[in-house]
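Here is what each chain is made of, one letter per residue.
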Amino acid sequence: QVQLVESGGGLVQAGDSLRLSCTASGRTFSSYAMGWFRQTPGKEREFVAGITWSGGDTSYLDSVKGRFTISRDNAKNTVYLQMNSLKPEDTAVYYCAADPSIVTMLVNYNGIDYWGKGTLVTVSS
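Residues numbered from 1 in each chain as written. Predicted model: local features only at pLDDT ≥ 70, side-chain atom pairs only at ≥ 80, totals over all residues. Heavy atoms only, no water.

1. Some remarks on unusual backbone geometry
Our working rule: In DSSP terms, a helix is any run of H or I states spanning at least four residues, a strand is any run of E spanning at least two, and both are numbered starting from the N terminus. Accessibility here uses a 1.4 Å probe with only protein chains present; expressed as a share of the type maximum, an area under 20% marks a residue as buried, one over 50% as exposed, and anything in between as partly exposed.
For Asn 77, which is not glycine, the phi dihedral falls at a positive 55°. Summarising the element assignment, Asn 77 is placed in the loop between strand 7 (68–73) and strand 8 (78–83). For Asn 77, a relative accessible area of 28% translates into the label partly exposed. Within the chain, Ser 85 stands out as a residue other than glycine whose phi angle is a positive 50°.

2. Some details on the sheet that holds strand 7
Hydrogen bonding along the main chain pairs the strands of a sheet, whether they run parallel or antiparallel. Note the cut-off: For two strands to be treated as a pair, DSSP must find no fewer than two bridges joining them. As a rule, the C-alpha atoms of each element are fitted with a line to give its axis, helices using only the stretch in contact, and angles between N-to-C directions run from 0 to 180 degrees.
Within the open sheet, the four strands sit side by side as 1-3-8-7. Their pairing is antiparallel. Strands at the two margins of the open sheet, each flanked by one partner only, are strand 1 (2–7) and strand 7. Taking each pair of neighbouring strands and ignoring which way they run, the sheet shows an average axis angle of 15°. Bridge count for strand 7 against strand 8 is six bridges, and the pairing is antiparallel. When the bridges of strand 8 are listed, Arg 72 appears paired with Val 79.

3. Observations regarding the state of the cysteines
We count it as follows: Cysteine sulfurs are considered disulfide-paired once they come within 2.5 Å of each other.
Inspection of the entire model under this criterion finds one disulfide. Across a sulfur-sulfur distance of 2.1 Å, Cys 22 and Cys 96 are joined as a disulfide pair. One disulfide, between Cys 22 and Cys 96, carries an S-S torsion of -80° and so falls in the left-handed class. With Cys 22 in strand 3 (residues 18–26) and Cys 96 in strand 9 (residues 92–99), this residue pair connects regions lying 74 residues apart in the sequence. We classify Cys 22 as buried; its relative accessible area is 0%. Cys 96 sits in the buried class, given a relative accessible area of 0%.

The values are spatial; any link to function lies outside them.
Have a look at this one:
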């Protein structure tokens, strides 16, 4: 079992920055690909960013490329999402996810093994 706990959400203004953190406990964190997803009411959960177990490869939703950066610190069992130049359309609950496969992370979120409970990000205009 892997337990994921997100933190760092909050209310900010458009153009501001936030850094989300997700700390994992349980089984070996460094063997898992990690990702961030987001969801707004009435919409499907949406992939935002993913990172392989080594941190060597990353992937992003087109609308956040150049603004968001995913990174991980395997020594701290933590994955981060640095969000810059935030826009009102980035408002959502952000979820951390862990899975052995980065492919599952990218193409089949229903198959992901572990999820956090989410942290709310609200961007005002």
